[in-house]
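These are the residues of each chain, in order.
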Amino acid sequence: MTRPGPLPVEDVIAQPERARATISPDGTRIAFLAPWKHRLNVWVVGVDEDLAEARCVTADETRSIGVYHWASPRWLLYTQDTGGDENAHVFRVDLDDRDAEAVDLTPYPGARVFGHDLPPGRPGTLVVSMNHRRPDEIDLCEIDIATGEVTVLLDGGADVGGVQVGPAGDVVGLAQGDDADWEIHHRAPGATDRVVATFAGADHPVGPHPLQLTPDGTGVWVGRHGDTDRLRLVRIDLATGEECEVGGHPTHDLDTRSQVFPQLPSPLITDAAGELLGVRYARERQVVVPVAPHFAEVLARLEALSDGDLGPVSVDASGRRWVVAFTHDRDPGATWLYDHATGEARLLFRPFPQRDPAAAAPMTPVTITARDGLALPSYLTVPLGAADAPPMVLMPHGGPWTRDAWGYDPVVQLFANRGYAVLQVNFRGSTGFGRAHLQAGIGELARKMHDDLVDAVEWAVSHGHADPRKVAILGGSYGGYAVLVGVTRTPHLFAAAVDYVGISNLVTFLQALPEFLRPGLRTNWYAYAGDPADPAQVPDLLDRSPLTHADRIVTPLLVFQGANDVRVPQSESDAIVASLRDRGVEVGYRVYADEGHLFSQPENLVDMFTTVDRFFAEHLGGVAGPA
């Protein structure tokens, strides 16, 4: 197919018209996100009504809502921070009172909700971990959703990963021992705290995921390698510590991307009562393994609706009505209502109805062999109608303890529309491809993790997928660090580079991390890079810091930063930009006052990628979109 002409950036990097639909517990209403005053808000409509009849039930005109939940047929909950500062609060919406405004259930200035849960056995309550009394002490609290009354269940002993409460009052949480291993703790009412399971820290850089209390409170479902390379789902009995695998897959890992990106679906597919229906596994593509016998038939009906991968799943309390969306590389988020009683299904919406799926470039799984023989599962998107050896954009993912996966990415499609191939590499240290692939990244920041990216570029060039003179690199967070490593370690490999909230100095970055990000450092950043508190490790950390080698940068560079970023503070970007400007090296720099670590404001994203579009057109020889 001939590639379509250049599309406006705002048409490609656009908010969905509708997204993330769910059904109410009683099956009578559907909620979804849609724009109101240019920000995504929550809308509600009757299950048999036309979506055009929906009413907006939230009123956030400052920042889009990303995550919401049904607490009951009457109550909706959503989370929101201020300007990307990650001080999340939980808000309640009363659907029975059209005039009621959203109520902040955690109305404590400067406080942060670290985790929240709607325990199935405790209706009408919300369990949160938050530091509302003191910044350095996290309490486990139960909130009455109707009244907002807060009861402290655990004074100062909660974990930033969240603590769960069972129907009988059992408390289950995650902590890290002195040896950096992860421990699941259980405390029954009136009993002392005890460890029921231990997980090797090297297996779980940011902690075991998922970690979910079973609805009856007698066990937990958790991701664990055990004696296998695969990451499996196991159930651990809280009384005996006995564990068994649940809904296993012989070759795929659990799909745990929701640990880093909570807007993505959990690997556990559960019903309205919290009972486990199925488990998501993934490698090149997703596979759902049914656990509940009756779900196998439902799953077959749902998967027949699309040739994409099953995305978010929502079901009413009766198990009759289902709302599901699909992940797809060209037609993202198509959302359906399925009635299992009648077998009927209807398409509710496509989030981007203005886009022609046939005009999008397909994403193809490929495997690249690194110089030491390690297989690197990757994704290549080739622009429609491309000649051999087009310009290429290498896009290393963030984390780095996550992965790239098959599906629609508007940034990838923007570049493909401009005639660039896009390569996304699951370099060593990425999750989702077994324990050996993950642990191959230990100690390899700016070393073999960078070599993997270089090897991927050489593979693309040797296979005719890229022009070696026209390769760009773009990444955010750890991906931004990878960009800066690329232009300091292999400066002549790239014709242009874009660093989005990237780390320039590992020492200052690690020293500045806020308290809530410090648990787990021994198993992630300290293991993969080093500990700045150890003077013997500081020289190596500095050597692996792009700022130390900024004098090697000759690649034209763009840098983007959020002023409210608490993970990679603005000082990291300020330092690399100042170093280059002092030497007269071309560097563009934009700081957005109302953004944090990952940008969400539509106008900022359009501005950012309009700038990138013109930058790549200048340095890769492409054609930018219309102004």
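Residues numbered from 1 in each chain as written. Predicted model: local features only at pLDDT ≥ 70, side-chain atom pairs only at ≥ 80, totals over all residues. Heavy atoms only, no water.

**Brief notes about the environment of C56**
- In this fold, C56 is placed in strand 4 (residues 55–56).
- With 24 residues separating them along the chain, C56 and F32 place their C-alpha atoms 9.5 Å apart.
- Not counting residues within four places of it along the chain, the set of residues in contact with C56 comprises W36, N41, V42 and W43. (Helix = DSSP H or I, 4+ residues; strand = E, 2+ residues; numbered from the N terminus. Contact = heavy atoms within 4.5 Å.)

**A closer look at the sheet that holds strand 26 (residues 321–327)**
- Overall, antiparallel pairing links the four strands, which are arranged 25-26-27-28 in an open sheet. The two strands at the open ends of the sheet, each matched to only one other strand, are strand 25 (309–315) and strand 28 (344–349). Direction aside, the axes of adjacent strands within the sheet are offset by 25° on average.
- Sheet topology places strand 26 next to strand 27 (residues 335–339); five bridges connect them, and they run antiparallel. Bridge pairing in strand 27 links R321 to D339.
- Contacts between helix 2 (residues 293–303) and the sheet are confined to strand 25, strand 26 and strand 27, with strand 26 contributing the most and set at about 50° to the helix. (Pairing = 2+ DSSP bridges. Axes fitted to C-alpha atoms, helices over the stretch in contact; angles between N-to-C directions.)

**A few points about the packing of aromatic side chains**
- Using the criterion set out here, one finds 14 aromatic pairs in the structure.
- Here the aromatic rings of Y420 and F616 are separated by 6.2 Å at their centres, their planes lie at 85°, and the arrangement is edge-to-face. Here Y420, found in the loop between helix 3 (410–417) and strand 32 (421–425), pairs with F616, found in helix 11 (residues 602–620); they are 196 residues apart in sequence, far enough to count as distant. Note on accessibility: Y420 and F616 belong to one class, buried.
- Pairing F615 with F616 gives two aromatic rings, centres 6.1 Å apart and planes at 35°, and the pair type is tilted.
- For F615, a relative accessible area of 6% puts it in the buried group.
- Note on F616: relative accessible area 0%, which makes it buried.
- One aromatic cluster is present, formed by W401, F509, W525 and Y528 through successive ring pairs.
- In this arrangement the basic side chain of R285 is found over the ring face of W406, its NZ or CZ atom lying 3.6 Å from the centre.
- Between R355 and the ring centre of F352, over which it is positioned, the NZ or CZ distance is 3.8 Å. (Phe/Tyr/Trp six-rings, centres within 6.5 Å; stacked < 30°, edge-to-face > 60°. Buried < 20%, exposed > 50% of the residue type's maximum accessible area, 1.4 Å probe, protein only. Lys NZ or Arg CZ within 6 Å of the ring centre and 35° of its normal.)

**Quick notes on the pairing of strand 25**
- The buried count for strand 25 comes to six of seven residues, which makes it a mostly enclosed element.
- Bridge count between strand 25 and strand 26: five bridges; the pairing is antiparallel. Residue D309 lies in a different strand from strand 26, and its bridge partner there is T327.

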